[in-house]
Every structure is written in structure tokens, then in C-alpha cells.
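Geometric and topological summary
Given next are the chains, with one letter for each unit.
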Amino acid sequence: MRTDYLKLYFIMGSQNFPAGETQALQVLEQALQGGITCFQLREKGDTALTGAASIRFAQKCQVLCHRYQVPFIVNDNIELALQLDADGIHVGQDDAAVSSFKNKFPNKIIGLSVHTLSELELAVQQDVNYVGIGPIFATASKNDAKKPCGVDFITEAKRHCPTMPIVAIGGITLDNAASVLAHGADGLSVISAISAANDPQAATRQFHHL
Ligand code: TZP
Ligand code: MG
């Protein structure tokens, strides 16, 4: 995987928008125009789309991403990732083990969320393409988020496993993003900094001018 895909990694699902799917697709296109480098569809929670509607929505996201040559990654849903031939899959520690699905995704991007150095070591052993580390700061975008680990954990992780690409996540804003990168992250992953911005395209552009 090209590490520069991680530079500005936008994540969302329809649940992140008051107006749901329509707004989600508008914001995704604005984020793509602003220069996001990767996208993860994370359709989750009580109001998440299900069944055929969720597949149609995912396909629309994928078409947009490919129009801008940005990888389309699916969170957690292995069946959906396979069905859509997504560019990759991202899983957390409570999801299916990477070893259980890795052979179904040859030449695809596999990402894993890690919160400790031992989880990071396991990620290296499982040969994932990148790890997501967070929440770095407090976040309102994930109900079951762990305690924030702070930016110093990024530095520690990088020192521990220098070759594993790291994307930082959780509470990242235009105000703290430079510090996250200075602490060794290869890239920034955000939900609300783009999804809840007054002007998502402008916000996206600003991340490229930190
Ligand atoms: N995993 C750890 S924190 C988080 C996820 C999915 C939510 C990040 O959202 P925000 O709005 O960028 O803090
Ligand atoms: Mg998960």
C-alpha cells in the first residue's frame, strides 16, 4: 500500500449526518474535491442503513471515490467488502481476526485498529498494511471509544514498530493536526472535522496546509 493514501483519511457513514444518506454523498464529494486521500465507509449504529439500502449507498460512495481515484475501504463488513470488490477492509480488535479473512483479500488494503503496543506487535505479525491508533483525543463520534491515548503514544508506537504505517484517529481537528503529525503519524483520520464542517471542501483543503 502507498503510505501517502493515509495522509488524509476520511471516515463516515450516513449516521454521521442529520440529513442522512443524501448529505453523506454530498459531503463525500466535497471531501474528494478538497483532496482526501482515502475513504472508509463506516455504516454503524441505530440509524445505520441496512440490507439493500446499505449496499446501494455503499456502491454510490465507491463510485464517487473511484471517480477521484481514492481508495474505498469498508469498515468491519467483510461480506460487503467482498461483494463490492472494495479496495480494502478495516477492522477493530473486536471484529473478525485478520487471519480469518486475509486470504480473501489478496492485494487489498487491510487496516487494523490498535490501542496497545502488544496489539501493534500482533498487527505487524499479521502483516496488515496499516494500523489506526486512537482515540488520540476525546471524540464524540464513537460511542464505545476507549480513553484517549494522547499524541505521545504515536511516537512510542512508531519507535516500537518503525515500518508499520500509522494513521491517527479521534478528536483530530485543524488546530491539533500539526502536533499529531509532528509526533510521528503517517496520516490523519477524521470524521467530524470534515463531516460537521460548515464547508467540508474548504476544511479538507486546509488539512493540506497545516
Ligand atoms: N475510532 C477511534 S476514534 C473514532 C473512531 C472511528 C471516531 C473519530 O471521529 P472524530 O469525529 O474524527 O473524532
Ligand atoms: Mg469495528
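Attention in this report is confined to the structure presented alongside it. Fair warning: this is a prediction, and the values are worked out from it, not measured in the lab. (Residues numbered from 1 in each chain as written. Chains lettered and ligands numbered in written order. Predicted model: local features only at pLDDT ≥ 70, side-chain atom pairs only at ≥ 80, totals over all residues. Heavy atoms only, no water.)

What about the sheet that holds strand S3 (residues 72-75)?
Overall, parallel pairing links the 8 strands, which are arranged S1-S2-S3-S4-S5-S6-S7-S8 in a closed barrel. For this sheet, the mean inter-axis angle between neighbouring strands, taken without regard to orientation, is 25°. Examined bridge by bridge, S3 and strand S4 (residues 88-91) share 3 bridges and lie parallel to one another. Across the sheet, the residue bridging to Ile73 is Gly88, located in S4. Across the sheet, helix H6 (residues 152-160) lies against strand S6 (130-133) and strand S7 (166-169), angled at about 165° from S7, the strand it touches most. (Pairing = 2+ DSSP bridges. Helix = DSSP H or I, 4+ residues; strand = E, 2+ residues; numbered from the N terminus. Axes fitted to C-alpha atoms, helices over the stretch in contact; angles between N-to-C directions. Contact = heavy atoms within 4.5 Å.)

Observations concerning a nonpolar patch on the surface
A cluster of nonpolar side chains, Leu174, Leu181 and Leu210, forms an exposed patch at the surface whose accessible area comes to about 220 Å². When you line up the elements, Leu174 lands in the loop between S7 and helix H7 (177-182). Residue class for Leu174 comes out partly exposed when judged on its relative accessible area of 30%. (Patch = residues over 30% accessible without salt bridge, like charges linked within 9 Å, V, L, I, M, F, W, Y side chains within 5 Å. Areas by Shrake-Rupley, 256 points an atom, 1.4 Å probe, with all protein chains shown as cover. Salt bridge = Lys/Arg side-chain N within 4 Å of Asp/Glu carboxyl O. Buried < 20%, exposed > 50% of the residue type's maximum accessible area, 1.4 Å probe, protein only.)

Topic: the site of ligand 1
If you check the shell around ligand 1, you find Arg42, Pro135, Thr139, Ser141, Lys142, Ile169, Gly170, Gly171, Val190, Ile191 and Ser192 and nothing else. One of the side-chain nitrogen or oxygen atoms of Thr139 is found 2.6 Å away from an oxygen atom of ligand 1. With respect to ligand 1, the side chain of Ser141 contributes an N or O atom lying 2.5 Å from an oxygen atom. Burial of ligand 1 by the protein chains amounts to 93% of its free accessible area of 380 Å². Looking at the shell around ligand 1 residue by residue, the classes come out as 4 nonpolar, 5 polar and 2 charged. (Near = heavy atom within 4 Å. Polar contact = N/O pair within 3.5 Å; in protein donor to acceptor, adjacent residues only side chain to side chain. Nonpolar A, V, L, I, M, F, W, Y, C, P; charged D, E, K, R; others polar.)

Quick look at the nonpolar core
Leu28, Phe39 and Phe72 are the most contacted members of the largest nonpolar core, which has 57 residues in total. By size, the runner-up hydrophobic cluster in this structure holds 9 residues, among which are Leu6, Ile73, Tyr130 and Val167. (Core = buried A, V, L, I, M, F, W, Y, C linked by side-chain atoms within 4.5 Å.)

All we've got here are geometric facts, nothing functional implied.
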